[in-house]
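Listed here are the chains, written in short residue letters.
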Amino acid sequence: MNNITIAILLNDIFLTKVFEEISKNHQDQLNFQIISNEDKISDYNVFITDVTNLSKLKDHLSNDYKILCIGEKSNFYDLANKNSEISFLKVPFKFSELKDRADHLFSSLKSAKSNIRQFKDF
């Protein structure tokens, strides 16, 4: 069974390390990959990013994406016409809130994946 890959695109090294730690609880069904702006964005459909990188990503968003964005929503009203599920986590935040949001995202991905059933070759 193929695992879901979550792209982590953050400028903050500390937050990147935090998500690496949080992800250890979900490595059984989810893969995490730290990417840079140069990586091919279309290879992923789940992102953990910050406001700076989201503004770079928004021109490339054309499919259904799940995005957890660290920062304010204020400048992203033009994303309303995209078919993406974007959750913003306002800074400053409590670590427990970050962990809860990440766990919720990861759990929803795992449950969506478990709803896929295969019957013979279908």
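Scroll up to find the structure this text is about.
To start, this report covers the structure provided alongside it. All of these numbers come straight from a predicted model, not from anything done at the bench.

Here is what the cut-offs are and how they apply
- Within every chain, residues take consecutive numbers counted from 1 along the sequence as written.
- The predicted nature of this model means local features are confined to residues of pLDDT at least 70 and side-chain atom pairs, given and counted, to a pLDDT of 80 or more, with totals for whole chains, interfaces and linings taken over all residues.
- Note that the side-chain values use all heavy atoms of the structure and ignore hydrogens as well as water.
- For every residue, the accessible area (1.4 Å probe, protein chains only) is compared with the maximum for its type, and the residue is labelled buried under 20%, exposed over 50%, or partly exposed between those bounds.
- Numbering of helices and strands starts at the N terminus; helices are DSSP runs of H or I of at least 4 residues and strands are runs of E of at least 2.
- DSSP calls a pair of strands paired once it identifies at least 2 bridges connecting them.
- Here a salt bridge means any side-chain nitrogen of Lys or Arg lying within 4 Å of a carboxyl oxygen belonging to Asp or Glu.
- Only rings of Phe, Tyr and Trp enter the pairing, Trp through its six-membered ring, and a pair is recorded when the two centres are within 6.5 Å. The plane angle decides the type: under 30 degrees is stacked, over 60 is edge-to-face, the rest tilted.
- Handedness of a crossover is defined as follows: with both strands directed away from the viewer, a clockwise route from the first strand across the helix to the second makes it right-handed.
- Residues are treated as being in contact if the distance between any of their heavy atoms lies within 4.5 Å.

**Re the pairing of strand β4 (residues 66-70)**
Among the five residues of β4, four are classified as buried, and the element is accordingly described as predominantly covered. Judged from the five bridges that link them, strand β3 (residues 46-50) and β4 form a sheet pairing that is parallel. Counted as the bridge partner of Phe47 is Ile67 from β4. Here five bridges tie β4 to strand β5 (residues 85-89), and the two strands are oriented parallel to one another. Counterpart to Cys69 in the pairing with β5 is Phe88.

**Looking at the pattern of salt bridges**
This model, assessed by the stated rule, comprises three salt bridges. Among the salt bridges present, the one from Lys17 reaches Glu20, with a minimum N-O distance of 3.5 Å. Within this pair, Lys17 and its partner Glu20 are both found in helix α1 (residues 13-23), separated by three residues, close to a single helical turn. Put simply, Lys66 and Glu85 hold a salt bridge, and the shortest N to O gap is 3.6 Å. Of the two residues, Lys66 sits in strand β4 while Glu85 sits in strand β5, which places them 19 residues apart along the sequence. When its relative accessible area of 23% is taken as the criterion, Lys66 is described as partly exposed.

**Some words on the packing of aromatic side chains**
In this structure the tally under the stated criterion is three aromatic pairs. With a centroid separation of 5.0 Å and 80° between ring planes, the pair formed by Phe32 and Phe106 is classed as edge-to-face. One end of the pair, Phe32, is in strand β2 (residues 30-34); the other, Phe106, is in helix α3 (residues 95-114), and 74 residues separate them in sequence. Where Phe47 meets Tyr65, the ring centres are 5.6 Å apart and the plane angle is 40°; that geometry is what we call tilted. With Phe47 in strand β3 and Tyr65 in the loop between α2 (51-57) and β4, this pair connects stretches of sequence that are 18 residues apart. Assessed through its relative accessible area of 0%, Phe47 is described here as buried.

**What to know about the pairing of strand β1 (residues 4-9)**
A large share of β1 lies buried, amounting to five of its six residues. Judged from the five bridges that link them, β1 and β2 form a sheet pairing that is parallel. Of the residues in β2, the one forming a bridge with Ala7 is Gln33. In this fold, the crossover linking β1 to β2 by way of α1 has right-handed handedness.

**Focus on the side chain of Asp50**
Relative to the elements of secondary structure, Asp50 occurs in strand β3. For Asp50, a relative accessible area of 10% gives the class buried. With residues near it in sequence (within four places) discarded, Asp50 still touches Leu9, Leu10, Asn11, Asp12, Cys69 and Ile70.

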